[in-house]
Amino acid sequence: DNVTETLGSGPLHRALTSESVTGRLLGLNEERTVLLDTIFFTSGNNISYRDDMVRRMVPIELDPKIEHPEERNDFKRNPLLPWVAKQRATLLIDAITILLAYMRDGQSSQKLTGLGSFQEWSNLVRSALTWVGERDPCEGRKLAQEQHSPDTEALQNLITAWFACYDTKIMLLNKVD
């Protein structure tokens, strides 16, 4: 909650894309491998991402459209958590119904871009959501990639410096005739 540092690290990246994680037991010279079937959530304002963290996440933007969201009390379901607990079975049935209907309809292609390490999730969950008319849950990744990719930032800096030094003339290196 309330991430204030750049999000991402080797161990976190591995955990987000692996079915298991291996680590050394504290105080012992032993390693253990455990299955990892966990969903990770983070929250924060204007989070920045390290390395290729952006490809391992589905960002969402919650905009309460008020200056002090902690003072908001006009929720449709208030308080939310007791409502969710009471409606849990119905919500799960609704989610499963969408997935089953999509599968029974033949899992038609939704013409979505690939999602690398998460292709199975994309082909089923993401596609089912767009099939019923919901927005692509990965739409927010595009903006996050543009804003937070170190490679994109480095390339933008290189191009800016290049054009500043060479007066916007396009130069080709190793030109082949």
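Novice: Account for the overall build of the protein, naming residues and giving values.
Specialist: Per the secondary structure count, the protein includes five helices and two strands. Along its sequence from the N terminus, the protein presents helices and strands in the succession α-β-β-α-α-α-α. Taken over the C-alpha atoms alone, the protein extends approximately 65 × 50 × 45 Å along its principal axes. By residue count, 16% of the 177 residues in the protein fall in the buried class.

Novice: Any chance you could break down the packing of helix α2 (residues 80-104) against helix α3 (residues 119-131) for me, citing the residues and the numbers?
Specialist: Across the interface, α2 lies against α3 with an axial gap of 9 Å and an inter-helix angle of 90 degrees. In terms of axis orientation, α2 runs roughly perpendicular to α3. Between α2 and α3, the residues in contact are I98, L99, A101, Y102 and M103 and N123, L124, V125, S127, A128 and W131, respectively. Considering only residue class, the contact of α2 with α3 consists of nine nonpolar, two polar and no charged.

Novice: Quick rundown of the confidence of the model for the protein? Include the residues and the values.
Specialist: In the predicted model, the protein carries a mean pLDDT of 87, and 90% of its residues have values of at least 70. Predicted confidence in the protein is weakest over helix α5 (residues 150-165), with a mean pLDDT of 76, and strongest over α2, with 97.

Novice: Describe unusual backbone geometry, and please don't skip the residues or the numbers.
Specialist: Each neighbour pair has its own omega, and for N78 with P79 the value is 0 degrees, a cis peptide bond. If you check the backbone angles, N2 has positive phi at about 55 degrees while not being a glycine. You will see that K65, though not glycine, has its phi angle at about 60 degrees, which is positive.

Novice: A description of the pattern of salt bridges should follow, citing residues and the corresponding values.
Specialist: A full pass over the atoms with the stated rule returns seven salt bridges. A salt bridge links R72 to D74, with the shortest nitrogen-to-oxygen separation between them at 2.8 Å. A residue is classified by how much of its surface remains accessible, and R72, at 32% relative accessible area, is partly exposed. Through salt bridges with shared partners, a single ionic network connects D52, R55 and R56.

Novice: Talk me through the pairing of strand β1 (residues 20-24); I want residue IDs and the actual numbers.
Specialist: Note: β1 against strand β2 (residues 31-35), five bridges, orientation antiparallel. Across the sheet, residue T22 finds its bridge partner in β2, namely T33. Here β1 hands over to β2 after six residues, with G27 in that stretch at a positive phi of 80 degrees.

Novice: Run through a nonpolar patch on the surface, naming residues and quoting values.
Specialist: Together, L92, I96, L100 and M103 make up an exposed nonpolar region whose accessible area comes to about 330 Å². With respect to the helices and strands, L100 occurs in helix α2.

Novice: I'd like a rundown of helix α1 (residues 10-17), residues and numbers included.
Specialist: Residues of α1 that are buried include every one of H13, A15 and L16, and no others. End-on view of α1: buried residues confined to an arc of 165 degrees, all on one side of the axis. Away from the buried face of α1 by more than 90 degrees, exposed residues P11 and R14 are located.

Novice: Account for the environment of P59, naming residues and giving values.
Specialist: As for its placement among the helices and strands, P59 is situated in the loop between β2 and α2. Residues P59 and K142, 83 residues apart in the sequence, show an inter-C-alpha distance of 9.7 Å. With residues up to four places along the chain from it excluded, the contact list for P59 reads P137, G140, R141 and A144.

Parameters and conventions
Residues numbered from 1 in each chain as written. Predicted model: local features only at pLDDT ≥ 70, side-chain atom pairs only at ≥ 80, totals over all residues. Heavy atoms only, no water. Helix = DSSP H or I, 4+ residues; strand = E, 2+ residues; numbered from the N terminus. Buried < 20%, exposed > 50% of the residue type's maximum accessible area, 1.4 Å probe, protein only. Axes fitted to C-alpha atoms, helices over the stretch in contact; angles between N-to-C directions. Parallel < 35°, antiparallel > 145°, perpendicular 65-115°, else oblique. Contact = heavy atoms within 4.5 Å. Nonpolar A, V, L, I, M, F, W, Y, C, P; charged D, E, K, R; others polar. pLDDT = per-residue confidence, 0-100. Salt bridge = Lys/Arg side-chain N within 4 Å of Asp/Glu carboxyl O. Pairing = 2+ DSSP bridges. Patch = residues over 30% accessible without salt bridge, like charges linked within 9 Å, V, L, I, M, F, W, Y side chains within 5 Å. Areas by Shrake-Rupley, 256 points an atom, 1.4 Å probe, with all protein chains shown as cover. Arc of directions from axis to C-beta.

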